[in-house]
Amino acid sequence: MDLTYTPEEEDFRARLREWLAVSLPKLPRRPDPLDWPARRAYDTGWQRTLYEAGYADVHWDASPTQRLIFLEETERAGAPYVGANFVGLLHAGPTIAAEGTPAQRARWLPPVLRGDEVWCQGFSEPDAGSDLAALRTKAVRDGDAYVVTGSKIWTSHAEVADWCELLVRTDPAAPRHRGISWLAMAMDAPGVTVRPLRTLAGSTEFAEVFLDEVRVPVANRVGEENDGWRVTMVTLSFERGTAFVGEVVACRRTLGELARTARENGSWDDAVVRQRLGRLNAEFRALWRLIQWNVSESQASGGLPGVGGSVFKLRYSHARQELYEAAADVLGPDALDLDQEWATDRLASLSYTIAAGTSQIQRNIVAERILGLPKGR
């Protein structure tokens, strides 16, 4: 398989790199990491800048390879990440682009691309985390609306979101994978209550969301009623297959910074440290090649990531944790200072084997859907 870039793709890279060099110095100062309203304004401001420059639709309308180049170059240049609107740009938006009606695409995609609206994800529940199909939030049809009651947890950026991609049970009598629907819910609808959750690092980007007879128009359903599980698999294929691409580039940059720090503080003299960092370098280089292969497969299948994303997500989650464990060894006591980005990133890395499907779930997918092994009893 040819993983090299075409001349046209390299031209896209060169033009993007030149634009970034001019645009990034003009950005305002980054806000306090714990001030999410300010971060929303900063992140959506950057999205507006991308929109005006013609780069906003790269997540959906460009080829998968161009998306890869875009993420690679913006991360290497230190450009802002999608931040508070990662759900809209990387999960909900691509799902609506793939599964929504023309009216739904016209309503929701342009505001996301312009940075006007932010989305969050209402999938996990207190009693249905990894076992997503066990969700209990119910939606009862009442004329041209669903009346939704239940609760969600680990809802990223719910306190600054305008919309929520919401999974609900529309047929409690159906087999649990067949009675689910995918809805777009306005976060300012009557009956929606958001309660932020504080993480180990002190941030509040997660929240509990309580739904008390919230009315959601039937027109906001993406896909057919009770076909939400299939639509959700489309969402998760984007979440696992492409949403972490930029973070791999960030990890490679972090690894380079860690190696420089090791040389400066003398820990590079330890052969075990050098071996560990060298192995991580090989790990992330291999992950990048795996991303390129997944992108090639995505192009062949019409733009939708396949189950190979689970292979990537499984290995990347553990590699990221290993990177920050190595950082703790190199930095020593400084790795415990929560005022330092290294420390907060290390704590955040602990969530990666849980977020977007636990490692156990990914192993099941690899075993059953790629290797063809029988399901466990």
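Residues numbered from 1 in each chain as written. Predicted model: local features only at pLDDT ≥ 70, side-chain atom pairs only at ≥ 80, totals over all residues. Heavy atoms only, no water.

### Observations regarding the overall build of the chain
Then step 1. If you tally the helices and strands in the chain, you get 11 helices and eight strands.
Then step 2. Within the span of the chain, comprising 377 residues, buried residues form 50% of the whole.
Then step 3. Considering only residue pairs separated by 6 or more positions, the chain has 73% of its internal contacts joining residues 24 or more positions apart.
Then step 4. Total accessible area on the chain stands at roughly 18000 Å², and carbon and sulfur atoms take up 52% of it. (Helix = DSSP H or I, 4+ residues; strand = E, 2+ residues; numbered from the N terminus. Buried < 20%, exposed > 50% of the residue type's maximum accessible area, 1.4 Å probe, protein only. Contact = heavy atoms within 4.5 Å. Areas by Shrake-Rupley, 256 points an atom, 1.4 Å probe, with all protein chains shown as cover.)

### Re the packing of helix H2 (residues 36–53) against helix H5 (residues 102–114)
Then step 1. It is the contact of H2 with H5, at a shortest axis distance of 7 Å, that shows an interaxial angle of 100 degrees. Relative to H5, the element H2 lies roughly perpendicular. Residue-level contacts link Thr44, Gln47, Arg48 and Tyr51 of H2 to Val112, Leu113 and Arg114 of H5. (Axes fitted to C-alpha atoms, helices over the stretch in contact; angles between N-to-C directions. Parallel < 35°, antiparallel > 145°, perpendicular 65-115°, else oblique.)

### As for the environment of Pro28
Then step 1. Residue position: Pro28 is located in the loop between helix H1 (7–23) and H2.
Then step 2. With relative accessibility at 56%, the residue Pro28 sits in the exposed group.
Then step 3. Taking the C-alpha atoms as reference, Pro28 lies 9.7 Å from Gly45; in sequence the two are 17 residues apart.

### Looking at the side chain of Ser181
Then step 1. Structurally, Ser181 is set in strand E5 (residues 180–186).
Then step 2. A polar contact is formed between the side chain of Ser181 and the backbone nitrogen of Asn226, at a distance of 2.9 Å.
Then step 3. Setting aside anything within four residues of it in sequence, one finds Ser181 in contact with Leu166, Leu167, Val168, Thr170, Arg221, Glu224, Glu225, Asn226 and Gly228. (Polar contact = N/O pair within 3.5 Å; in protein donor to acceptor, adjacent residues only side chain to side chain.)

### A look at the packing of aromatic side chains
Then step 1. As enumerated under the stated definition, the model contains eight aromatic pairs in all.
Then step 2. Ring centres 5.2 Å apart and planes at 50 degrees place the aromatic pair Trp19 and Tyr55 in the tilted group. Residue Trp19 is found in helix H1, and its partner Tyr55 is found in the loop between H2 and helix H3 (64–76); the two are separated by 36 residues along the sequence. Neither residue differs from the other here; Trp19 and Tyr55 are each classed as buried.
Then step 3. Considering the side-chain rings of Trp154 and Phe206, the 5.9 Å spacing of their centres and the 85 degrees angle between planes classify their relative orientation as edge-to-face. (Phe/Tyr/Trp six-rings, centres within 6.5 Å; stacked < 30°, edge-to-face > 60°.)

### Notes on the pairing of strand E3 (residues 145–152)
Then step 1. The sheet contact formed by strand E2 (residues 138–142) and E3 spans five bridges and is antiparallel. Its bridge partner being in E3, Val140 is matched across the sheet by Val147.
Then step 2. Linkage of E2 to E3, two consecutive antiparallel strands, is achieved through a turn of two residues, within which Gly143 is found at a positive phi near 70 degrees.
Then step 3. As defined by bridge partners, E3 adjoins strand E7 (residues 206–217) across seven bridges and the pair is classed as antiparallel. For Gly150, the partnering residue across the bridge sits in E7 and is Leu211. (Pairing = 2+ DSSP bridges.)

### Quick notes on the nonpolar core
Then step 1. By size, the foremost hydrophobic cluster in this structure holds 41 residues, and its most contacted members are Phe70, Leu277, Phe284 and Leu323.
Then step 2. Those elements giving two or more residues to this core turn out to be H1, H2, H3, helix H7 (245–265), helix H8 (271–300) and helix H9 (308–331).
Then step 3. Of the residues forming this core, the biggest block, 10 residues, is contributed by H9.
Then step 4. Contacts of Phe284, omitting those with residues within four sequence positions, involve Val248, Cys251, Arg252, Leu255, Tyr316, Ala319, Arg320 and Leu323.
Then step 5. In this structure, Ala133, Leu167, Trp182 and Val222 belong to the second largest nonpolar core, which totals 26 residues. (Core = buried A, V, L, I, M, F, W, Y, C linked by side-chain atoms within 4.5 Å.)

### Focus: the pattern of salt bridges
Then step 1. In this structure the tally under the stated criterion is 23 salt bridges.
Then step 2. Between Glu73 and Arg13 there is a salt bridge, with its nearest N and O atoms 2.6 Å apart. Of this pair, Glu73 sits in helix H3 while Arg13 sits in helix H1, placing them 60 residues apart in sequence. The same class applies to Glu73 as to Arg13, namely buried.
Then step 3. Measuring nitrogen to oxygen at the nearest pair gives 2.9 Å for the salt bridge that ties Arg230 to Asp227. (Salt bridge = Lys/Arg side-chain N within 4 Å of Asp/Glu carboxyl O.)

### Some remarks on the packing of helix H4 (residues 86–99) against H5
Then step 1. Interhelical geometry of H4 versus H5 gives an angle of 160 degrees and a closest axis separation of 10 Å. Put simply, H4 runs roughly antiparallel to H5. The two elements H4 and H5 meet at a crossing, and its hand is left-handed. Residues Gly88, Leu89, Gly93, Ile96 and Ala97 of H4 form the contact with H5, whose own contacting residues are Gln104, Arg105, Trp108, Leu109, Val112 and Leu113.
Then step 2. The class makeup of the residues in the contact of H4 with H5 is seven nonpolar, three polar and one charged. (Left-handed = near helix turned anticlockwise from the far one by under 90°. Nonpolar A, V, L, I, M, F, W, Y, C, P; charged D, E, K, R; others polar.)

### Description of unusual backbone geometry
Then step 1. A positive phi angle, close to 60 degrees, is found at Trp154, a residue other than glycine.
Then step 2. Checked against the element boundaries, Trp154 lands in the loop between E3 and strand E4 (163–169).
Then step 3. The residue Asn226 is not glycine, and still its phi comes out positive at about 70 degrees.
Then step 4. Tracing the backbone shows Asn226 in the loop between strand E8 (221–222) and helix H6 (228–241).

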